[in-house]
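# Report on the structure
Given next are the chains, with one letter for each unit.
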Amino acid sequence: MQNRQQESSNELIRFGDTRPAEFRKQLHELADWIADFREHIDTLRVAPDPALAGPGAVRDQLPKRAPEEGEQFEKILADVDQIIVPGMVHWSHPMFLGYFGWTTTAPGILAELLTAPLNVNAMTWRTCPAATELETVVIDWLRQWVGLPQRFEGVVYDTASVGIMHALAVAREEAAVAQTSMSASDLPAGLPSSPSVRKRGLVATGAPIFRIYTSDQAHSSAEKAAIALGLGEENVVRIPTDNHFRMDVKLLGERIEEDRQNGLHPMAVVATAGTTSTASVDPVRDIGNICREANIWLHIDAAYGGGFAMLPEYQWTREGWELADSIVINPHKTLFVPLDFSVLYVRDLARLQRVFSLVPEYLRGDTVEAEKNYMDYGIQLGRRFRALKAWVIWRSLGRAGVVARLREQIRLANLLVEWIKKDERFELSAQPSMGVVCFRFVAPTRRGGDGPGSPTPATGEALDELNSEIVQRINSSGLAYLTQTKLRGRTVVRIGLGNVLTTEEHLRNGWDIIRETAETQLSS
C-alpha cells in the first residue's frame, strides 16, 4: 500500500504537480508570507526606486529562457521577495493615494485563495450550477444595495471598459434595426435583406454613421468601445461640462439635434456617476429624459460612484437610474472586491442575450436546462468564478461594514479638504465628491512671477509644471503615491481614498509630504 502511494506521488511530480504533503507545507508557508506582507506593507516603498528599478530592471533579473526542470517553491517565493516586490507599485499600501485607492481586504485575500483550487468554468449552468446560481444571487444583492429597480438584471465581467463595449454593442444592434432602411435592390445578388449588424455587419446592413455622446470628463472607455465596435473613435462626441464638471444637458440636446440635421444618427449617451478626475455626477435624470424623447440608448458609467449609492446620504447619485438602458458598477473600486469584478446591468437582460447568444454544437448538450447560461451574455466563453469572492467578502463585512468603510473614506476626504482650505498656498480645484479630492499648489513661484495677487503673477504654465513636479517627486520618493490630472486645462494634484489600511495618520503624513515637497520644489 505504501509503495503504491509513493508511486502515485512520483507520478504527480513527473506530470507537473506537487506531492500532497509538500503542497500542504507550501500553503502554510504562503499563508505566513501573505500575513507578513500585509502586516508590514507600510514599511515598503509605495513605488520602485527609479534609480534602481527603471525600465527593464525587473526583466534583466529574470532568465531569458523558461527553466527546463522544475524549481523549488522556496526559491520561487524568494525571487518574489527579491525581484517582484521591489519592482511593484503597491496599490494596497496605506500611502497609495492615487486613482481610486484600490484596496484588498483580508476577506478578499481569503476569497481569492478559495477560488483558485475550485478552478471552474462558469460558462453554462451545467458546467457549474453553483457558479451560475451564486453569480445571479450576488448580482441581485448588489442591485438591492444600490437601489436599482428589479427589472435590471446583470452579468459579471472583468472591468467597466468591457461592460460598456457590450452595452454599446446592444445599442448599435437596436439602432441599426430601428434606423436602417435598405431595400432588396441595394443588396448584392443572393443576399437576404437584414438590418441586423450581428448577422451581416455594419457595411452589409447599410448602417448609418452612429454617434455616441459623453462628457469631456468621461472615461476613455467610450472611445475604445467605439473602436472595437467599428463605430469610429471620432464618432464619440465629447460634450462640455458645467462649473461642477457635469455634462451640460442643454449642449447635449443641441448637439444631438445638429447631428440629426447633418444626416448622422445619435445612438447612445454615456452619463457618468463618479468621473475619473473629480468623481462628479452628471445630471442623469435630465440626460435620461433627452434619451427617452430621442429614442437613444442611455448607459450610465457608475463604475466608481455606484457603490456610494448604498449610503442614504448619497442616494441623490442614483437619481434617474431607472431611465437607463444599462449601468455598470465596479465593486473592485468601492465595494472591497479584489480586481477584477465589474457588473453590467441591463434593463431586460434578454436584449444582451439576443446580440451575443451563440451555441456551437460542442456545447449544445450543456445548454439544455431552462437556466441562465452566462456565456450567452458576452463574448467570453471561459468565465472565472468571480461571484465566489464577492460572496465571501460581502458576507464577511455585511452591508453595515461596507457602509462604514465608505463613510470613513468620505470622512478622510473631507478632513483633507479642511487642511487644504487652511493653507493659503493651496486651493481646491473641484468640489470634493465621495473619496476624491483635487487641489492645486498656487504659491508664488520665481519661474513665472511672484504669484497670485502680485504685480507679476505666476503664469499658469509655471504652476502646471510645479504641480506636476510635486506629484512626480513624491512618487519617486516611494513615500506615497499620488496622481495628477487636468481640469480646465490646468494641472492639479489628485488624491483618491479607498484603501482600508489608510488611516487618518497616514493621510496626515501624506499631506505633510505634499507641503514639504511643494516648498522644496519652490525653493529650487
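Sequence positions are assigned chain by chain, starting from 1 and proceeding in written order. Restriction of local features to residues with pLDDT of at least 70 applies here, the model being predicted, together with a cutoff of 80 or more for giving and counting side-chain atom pairs; totals for whole chains, interfaces and linings are based on all residues. Only hydrogens and water are set aside when side-chain values are computed; all heavy atoms of the structure are taken into account.

For the rest of this paragraph, the subject is the side chain of His166. We count a stretch as a helix when DSSP gives it H or I for four or more residues in a row; a strand needs E for two or more, and each element gets its number in order from the N terminus. Along the chain, His166 falls in helix α7 (residues 160-179). The residues touching His166, leaving out its near neighbours within four places in the chain, are Tyr157, Leu344, Leu352, Phe356, Tyr377, Gly378 and Ile379. Every residue pair with non-hydrogen atoms within 4.5 Å of one another is taken to be in contact.

Attention now moves to the pairing of strand β4 (residues 265-272). Extensive coverage of β4 is indicated by the burial of seven of its eight residues. Between any two strands, pairing holds if DSSP finds at least two bridges. Relative to strand β5 (residues 297-301), β4 runs parallel, the two sharing five bridges. When the bridges of β5 are listed, Thr272 appears paired with Asp301. Crossover handedness is defined by viewing with both strands directed away from the observer: a clockwise path from the first strand over the helix to the second marks the crossover as right-handed. Each parallel crossover has a hand, and the one from β4 via helix α11 (residues 284-294) to β5 is right-handed. With a 1.4 Å probe rolled over the protein chains alone, any residue whose accessible area is under 20% of its type maximum counts as buried; one over 50% counts as exposed, and the rest are partly exposed.

Looking now at the packing of aromatic side chains. Working definition: rings of Phe, Tyr and Trp (its six-membered ring) pair if their centres are within 6.5 Å, and the pair is stacked with planes under 30 degrees apart, edge-to-face with planes over 60 apart, and tilted otherwise. Under the definition given, this model contains 16 aromatic pairs. Site record: aromatic cluster; members linked through ring pairs are Phe100, Tyr304, Phe308, Tyr314 and Trp316. For a lysine, the NZ atom is tested; for an arginine, the CZ atom; a charge sits over a ring if that atom is within 6 Å of the ring centre and within 35 degrees of the ring normal. Against the face of Phe100 rests Arg494, its NZ or CZ located 4.9 Å from the ring centre. A cation over an aromatic ring shows up here: Arg508 above the ring of Trp419, its NZ or CZ 4.0 Å from the ring centre.

Spatially, β1-β7-β6-β5-β4-β2-β3 is the arrangement adopted by the seven strands of the open sheet, whose pairing is mixed. Whereas interior strands pair on both sides, the edge strands pair on one side only; in this sheet they are β1 (152-157) and β3 (236-239). Strand-to-strand twist in this sheet, taken as the mean axis angle between neighbours without regard to direction, amounts to 20 degrees. Here strand β6 (residues 326-329) pairs with strand β7 (residues 342-347) via four bridges, running antiparallel. Axis lines are fitted to C-alpha atoms, over the contacting stretch for helices. Their N-to-C directions set the angle, which ranges from 0 to 180 degrees.

Our next topic: the pattern of salt bridges. Salt bridge, as used here: a side-chain nitrogen of Lys or Arg that lies within 4 Å of a carboxyl oxygen of Asp or Glu. Summed over the entire model, instances satisfying the criterion amount to 30 salt bridges. Between Glu322 and Arg285 there is a salt bridge, with the nearest N and O atoms lying 2.7 Å from each other. You can see Glu322 sitting in the loop between β5 and β6 and its partner Arg285 sitting in helix α11, a full 37 residues away along the chain. Overlapping salt bridges bring together Glu112, Asp340, Arg384, Arg386 and Lys389 as one network.

Whenever strands of a sheet pair, they do so through backbone hydrogen bonds, lying parallel or antiparallel. With antiparallel pairing, the four strands of this open sheet are ordered in space as β8-β9-β11-β10. The open sheet has two edge strands, β8 (426-428) and β10 (483-487), and neither has a second partner. Neighbouring strand axes in the sheet, compared pairwise and without regard to direction, differ in orientation by 40 degrees on average. With five bridges connecting them, β10 and strand β11 (residues 490-496) associate as antiparallel partners. Within the sheet, the bridge partner assigned to Lys486 lies in β11 and is Thr491.

Running from amino to carboxyl end, helix α5 (residues 106-118) crosses helix α15 (residues 386-422) at an angle of 150 degrees, the nearest separation of the two axes being 8 Å. In the crossing of α5 with α15, the sense of the turn from one axis to the other is right-handed. Touching Pro107, Gly108, Ala111, Glu112, Leu114, Thr115 and Leu118 of α5 are Leu388, Lys389, Val392, Ile393, Ser396 and Leu397, all from α15. Taken together, the residues of the contact of α5 with α15 sort by class into eight nonpolar, three polar and two charged. For any pair of crossing helices, the crossing counts as left-handed if the nearer helix is rotated counterclockwise from the farther one by less than a right angle, and right-handed if it is rotated clockwise. In this count, Pro and Cys sit with the nonpolar residues alongside Ala, Val, Leu, Ile, Met, Phe, Trp and Tyr, while Asp, Glu, Lys and Arg are called charged and the others, Gly among them, polar.

In this structure, strand β2 (residues 210-215) lies alongside β3, joined through four bridges in parallel fashion. Within β3, the position partnered with Ile212 by the bridge is Val236. Taken together, β2, helix α9 (residues 221-228) and β3 form a β-α-β motif whose crossover is right-handed.

Turning to the nonpolar core, a few remarks are in order. Think of a nonpolar core as a cluster: buried Ala, Val, Leu, Ile, Met, Phe, Trp, Tyr and Cys residues, connected wherever their side-chain atoms sit within 4.5 Å. By size, the foremost hydrophobic cluster in this structure holds 106 residues, and its most contacted members are Val269, Leu298, Trp321, Leu352 and Trp394. Those residues in contact with Leu352 that lie beyond four places of it in its chain are Val155, Tyr157, His166, Val170, Leu344, Val346, Asp376 and Tyr377. Among the nonpolar cores identified, the runner-up in size contains 33 residues, and Ala413, Leu466, Ile470 and Ile474 belong to it.

The geometry of α7 relative to helix α8 (residues 197-204) is characterised by a closest axis approach of 11 Å and an angle of 75 degrees between their N-to-C directions. Comparing their axes, α8 and α7 come out roughly perpendicular. Residue-level inspection shows Arg172, Glu173 and Ala176 of α7 in contact with α8, the latter providing Val197, Arg198 and Leu202. Partitioning the contact of α7 with α8 into residue classes produces three nonpolar, no polar and three charged. An angle counts as roughly parallel when it lies under 35 degrees, as roughly antiparallel when it exceeds 145, as roughly perpendicular when it falls between 65 and 115, and as oblique in every other case.

Moving on to the side chain of Thr132. Relative to the helices and strands, Thr132 resides in helix α6 (residues 129-146). Given the relative accessible area of 1%, Thr132 is considered buried. Any N or O atom pair separated by 3.5 Å or less is treated as a polar contact, with the protein-specific requirement of one donor-capable and one acceptor-capable atom, and with residues adjacent in sequence counted only for side-chain atom pairs. At a separation of 3.3 Å, a polar atom in the side chain of Thr132 contacts the main-chain carbonyl oxygen of Thr124. Not counting residues within four places of it along the chain, the set of residues in contact with Thr132 comprises Thr124, Trp125, Lys372 and Tyr374.

Expected helix span is taken as 1.5 Å per residue step, with the number of steps being one fewer than the number of residues. End to end, α15 covers just 45 Å across 37 residues, shorter than the expected 54 Å (1.5 Å per residue, more than 12% under). One axis fitted to the seven residues ending at a residue, another fitted to the seven starting there: the angle between these axes is the bend at that residue. Gly398 marks where α15 bends most, by close to 85 degrees.

The subject of this paragraph is the confidence of the model for the protein chain. Averaged over all residues, the pLDDT of the protein chain is 88; the fraction at 70 or higher stands at 89%. In predicted models, pLDDT denotes the confidence assigned by the predictor to each residue on a 0 to 100 scale. pLDDT under 50 marks residues 181-185. Its contacts with residues more than four places away, or in other chains, come to five contacts. A low-confidence stretch, residues 187-192 stays under pLDDT 50, and its non-local contacts, those more than four residues away or across chains, total seven contacts.

Residue Asp340 follows Leu339 across a cis peptide bond; omega there is 5 degrees. Its place among the elements puts Asp340 in the loop between α12 (331-334) and β7. Residue Asn295 is not a glycine yet carries a positive backbone phi of 55 degrees. Along the chain, Asn295 falls in the loop between α11 and β5.

Looking now at the environment of Leu231. Relative to the elements of secondary structure, Leu231 occurs in the loop between α9 and β3. As for Leu231 and Ile212, which are separated by 19 residues in sequence, their C-alpha atoms are 9.0 Å apart. Setting aside residues up to four positions removed in sequence, Leu231 forms contacts with Arg172, Leu202, Phe210, Ile212, Ala226 and Met267.

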